[in-house]
Amino acid sequence: MKYYFEKLFVLITVVAIIMCSCSENGKLSNDEVEKKRMNSVYYWRTVFSLDTTEEAFLERHKIDRIYLKMFDVAIEDNYAMGKPEVVPIATMQFKSAIPNDIEIVPVVYITLDALRAMSGRESEFASLLVERLKAMMSYNKCGEMREMQLDCDWTKSTKKIYSSLCSLVKEMLGKEGIKLSVTIRLHQLQETPPEVDSGVLMLYNTGALKDAKTRNSILDVEDVEPYLDRADYSLALDYAYPAFGWGVKFKENEFVAIVSDQDTVVSKGELVRIERPSYNEIILVKQLVEKALGKPEGGNILYHLDNKQLKNYTEDEINQIFAY
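These numbers were taken from a predicted model, which means no experiment stands behind them.

A.B. asks: What am I meant to see in the overall build of the chain here?
C.D. replies: A count of helical and extended segments in the chain gives nine helices and 14 strands. Expressed as a percentage of its 324 residues, the buried residues of the chain come to 50%. Taken as a whole, the chain presents about 15100 Å² of accessible surface, with 49% of it coming from carbon and sulfur.

A.B. asks: Can you help me understand the environment of Ser167 in this one?
C.D. replies: Positionally, Ser167 belongs in helix 5 (residues 159-174). Residues Ser167 and Glu122, 45 residues apart in the sequence, show an inter-C-alpha distance of 9.5 Å.

A.B. asks: How should helix 9 (residues 315-322) be read in this particular structure?
C.D. replies: Because an α-helix completes one turn every 3.6 residues, residues spaced three or four positions apart along the sequence face the same direction. If you check which residues of helix 9 are buried, you get Glu317, Ile318, Ile321 and Phe322. Burial along helix 9 is one-sided: seen end-on, the buried residues are contained in an arc of 135 degrees.

A.B. asks: Help me understand the pairing of strand 10 (residues 237-242), please; the structure alone is not making it clear to me.
C.D. replies: Moving residue by residue along a regular strand, the side chains alternate between the two faces of the sheet. For strand 10, the tally of buried residues reaches six of six residues, placing the bulk of the element in the interior. Bridge analysis of strand 9 (residues 198-202) against strand 10 gives four bridges, and the strand direction is parallel. Paired with Met202 across the strands is Ala240, a residue of strand 10. Relative to strand 14 (residues 300-303), strand 10 runs parallel, the two sharing four bridges. Bridge pairing in strand 14 links Pro242 to Tyr303.

A.B. asks: Would you mind going over the sheet that holds strand 12 (residues 254-259) with me for this structure?
C.D. replies: Taken together, three strands build an open sheet; the order of strands is 12-11-13 and the sheet is antiparallel. Two strands in the sheet have a free side with no partner beyond their single neighbour: strand 12 and strand 13 (270-275). The mean inter-strand angle of the sheet, taken between neighbouring strand axes irrespective of direction, is 25 degrees. Direction of pairing for strand 11 (residues 246-251) relative to strand 12: antiparallel, over a ladder of five bridges. Paired with Lys251 across the bridge in strand 12 is Glu254.

A.B. asks: Please clarify how helix 2 (residues 52-60) should be interpreted in this entry.
C.D. replies: Among the residues of helix 2, those classed as buried are Glu54, Phe57 and Leu58. The buried side chains of helix 2 occupy one side of the element, clustering within an arc of 100 degrees when seen end-on. Exposed positions of helix 2 whose direction lies more than 90 degrees from the buried face are Thr52 and Glu59. Close packing links the buried residues of helix 2 with strand 1 (39-43), strand 3 (63-78), strand 14, helix 8 (307-310) and helix 9. For helix 2, the N-terminal capping position is held by Asp51, with its side-chain oxygen 3.1 Å away from the main-chain nitrogen of Thr53. Of the residues trailing helix 2, Lys62 is marked for its positive phi of about 55 degrees.

A.B. asks: Help me understand the side chain of Asn216, please; the structure alone is not making it clear to me.
C.D. replies: Position of Asn216 relative to the elements: it lies in the loop between strand 9 and helix 6 (221-224). Looking at Asn216, its side chain comes within polar contact range of the main-chain nitrogen of Ile218, at 2.9 Å. Only 3.4 Å separates the side chain of Asn216 from the backbone nitrogen of Leu219, close enough to count as a polar contact. Among residues more than four places away in sequence, those in contact with Asn216 are Asp223, Glu275, Arg276 and Pro277.

A.B. asks: Even after reading the chapter, I still don't get the packing of helix 7 (residues 279-293) against helix 9, so can you show me in this structure?
C.D. replies: The axes of two packed helices give the description: the angle between them and the distance between them. Two numbers describe how helix 7 lies on helix 9: the axes approach to 10 Å, and their chain directions differ by 15 degrees. Between helix 7 and helix 9, the angle falls in the class roughly parallel. Here helix 7 and helix 9 pass one another in a crossing that is left-handed. From helix 7, Tyr279, Ile282, Ile283 and Lys286 reach across to helix 9, where they touch Glu317, Gln320, Ile321 and Phe322. Looking at the contact of helix 7 with helix 9, its residues break down into five nonpolar, one polar and two charged.

Cut-offs and rules
Residues numbered from 1 in each chain as written. Predicted model: local features only at pLDDT ≥ 70, side-chain atom pairs only at ≥ 80, totals over all residues. Heavy atoms only, no water. Helix = DSSP H or I, 4+ residues; strand = E, 2+ residues; numbered from the N terminus. Buried < 20%, exposed > 50% of the residue type's maximum accessible area, 1.4 Å probe, protein only. Areas by Shrake-Rupley, 256 points an atom, 1.4 Å probe, with all protein chains shown as cover. Arc of directions from axis to C-beta. Pairing = 2+ DSSP bridges. Axes fitted to C-alpha atoms, helices over the stretch in contact; angles between N-to-C directions. Contact = heavy atoms within 4.5 Å. Polar contact = N/O pair within 3.5 Å; in protein donor to acceptor, adjacent residues only side chain to side chain. Parallel < 35°, antiparallel > 145°, perpendicular 65-115°, else oblique. Left-handed = near helix turned anticlockwise from the far one by under 90°. Nonpolar A, V, L, I, M, F, W, Y, C, P; charged D, E, K, R; others polar.

Given below as structure tokens:
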């Protein structure tokens, strides 16, 4: 069984790498980058392709780091094996070169179903994750990997599995001087953090998306405040703030889909809840978080790099969100 998983991950990695392309531009080495006080952004699309406006945004706001989602780990049916298996999906394809002087932190999103399926095989999957990311970083000339990040909405019932996976990944990375960070959701502040080097507190997607009574599922101060009583949280944190919006479609109070917040067609019995956090809401949450948990360890992060979304905020507003 272990041999099968290794072959599966290697095969998918090779296919993904063949589909990717990147330039020969040099990137920063470990010794050339400071962890402290960096402006950062997430990049959460499946094709890395920057337009001129996004490139200008990176330069204008002195973005030093991109948290780049490389792939997801999920469960898919495997008819040859006769049962679902854990596989990498949504692998990043590179159409643009990584900008010079930008540190890339590769991110892997793990679904809860995939995490549960890793139980008892955490060592096997820890190795597969690390090796696949190293291969993708190297082939696509993303610079030296100084940090790797895992993203998972783990719960109490899956905490043990996730903690084991994180410990194993951290041990492997530590032998090469690479740090491990994880995303932290608000509800996870109530739990002991996994054994990692640092975390990013996700201050977006804080509400119940599919609940018709929710005011704004992306960010609502009332959703955030109840979780900010863990001033003794032991993990060093940076903070990620939303700079995006969408529409949430309902029909007769039942969730239908996430849709564009512009030019959305609504049929009889349907409604679309438009969600986009205002600058004032973001800053208020920022003030509350810093009062409760302190200043960010390494800087603030915007989610995510997309000109169609970022244009809804002024230059000064973006600067104030980054400010620390």
